[in-house]
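Below, each chain spelled out in residue letters.
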Amino acid sequence: MSTLMTWLEAGRRLAERVPYSIVALVARLAVASVFWRSAQTKVDGFLHIKDTTFFLFREEYKVPFLPPDVAAYLATYQELAFSVLLVVGLASRLSALGLMLMVAVIQIFVYPEGWPDHILWFALLLLIFARGPGAISLDHLLWSRARSEPAPAR
């Protein structure tokens, strides 16, 4: 085998030793940070939505089918809740799906030119949705316990 192939094979073996739980944790933290930081620009204090947020939803983020004030509340609280859930790994697939839908709305109706960022967020969310949050998550802990308990007597 050539020297190049030896190095490539060694690199592949090393990469394959990275546990999925680490990949999933990094993906969850990375994408949660995007939406958490976005939500922080929309609130002041504890869950109090800024007037500027309502203004932006009325004037710039014109989401169809929803009144602007309702969209402001939904988007803000969705970003906050799903970010926290992703970080701790609870209801991870549901949270990823909710944020995937939000990314789709942003891409289609709000900022179509933002696709380079949106596709990265979507890819991370799709990984979590499709493969789960990994072993370093509350979901894993809860599902492991649920599966190990004996079935109730009938």
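Predicted, not measured: the structure shown is a model, and the values here were computed from it.

1. Brief notes about the packing of aromatic side chains
Now for step 1: Overall, the coordinates contain five aromatic pairs when judged by the stated rule.
Now for step 2: Between tyrosine 61 and tyrosine 111 the ring centres are 6.0 Å apart and the planes differ by 75 degrees, which places this aromatic pair in the edge-to-face class. With tyrosine 61 in the loop between α3 (51–59) and α4 (68–88) and tyrosine 111 in the loop between α5 (92–110) and α6 (115–131), this pair connects stretches of sequence that are 50 residues apart.
Now for step 3: Taking relative accessible area as the criterion, tyrosine 61 reaches 18% and is therefore assigned buried.
Now for step 4: Pairwise contacts between aromatic rings join Phe54, Tyr73 and Tyr77 into one cluster.

2. A few points about α5
Residues spaced three or four apart along an α-helix point in a common direction, a consequence of the helix completing one turn every 3.6 residues.
Now for step 1: The end-to-end C-alpha distance of α5 is 25 Å, a good match for the 27 Å that 19 residues give at a rise of 1.5 Å each.
Now for step 2: Buried within α5 we find Ser92, Ser95, Ala96, Gly98, Leu99, Met100, Met102, Val103, Ile106 and Val110.
Now for step 3: Those residues of α5 that are buried are in contact with α2 (20–40), α4, α6 and α7 (138–148).

Conventions we followed
Residues numbered from 1 in each chain as written. Predicted model: local features only at pLDDT ≥ 70, side-chain atom pairs only at ≥ 80, totals over all residues. Heavy atoms only, no water. Phe/Tyr/Trp six-rings, centres within 6.5 Å; stacked < 30°, edge-to-face > 60°. Helix = DSSP H or I, 4+ residues; strand = E, 2+ residues; numbered from the N terminus. Buried < 20%, exposed > 50% of the residue type's maximum accessible area, 1.4 Å probe, protein only. Expected span 1.5 Å × (residues − 1). Contact = heavy atoms within 4.5 Å.

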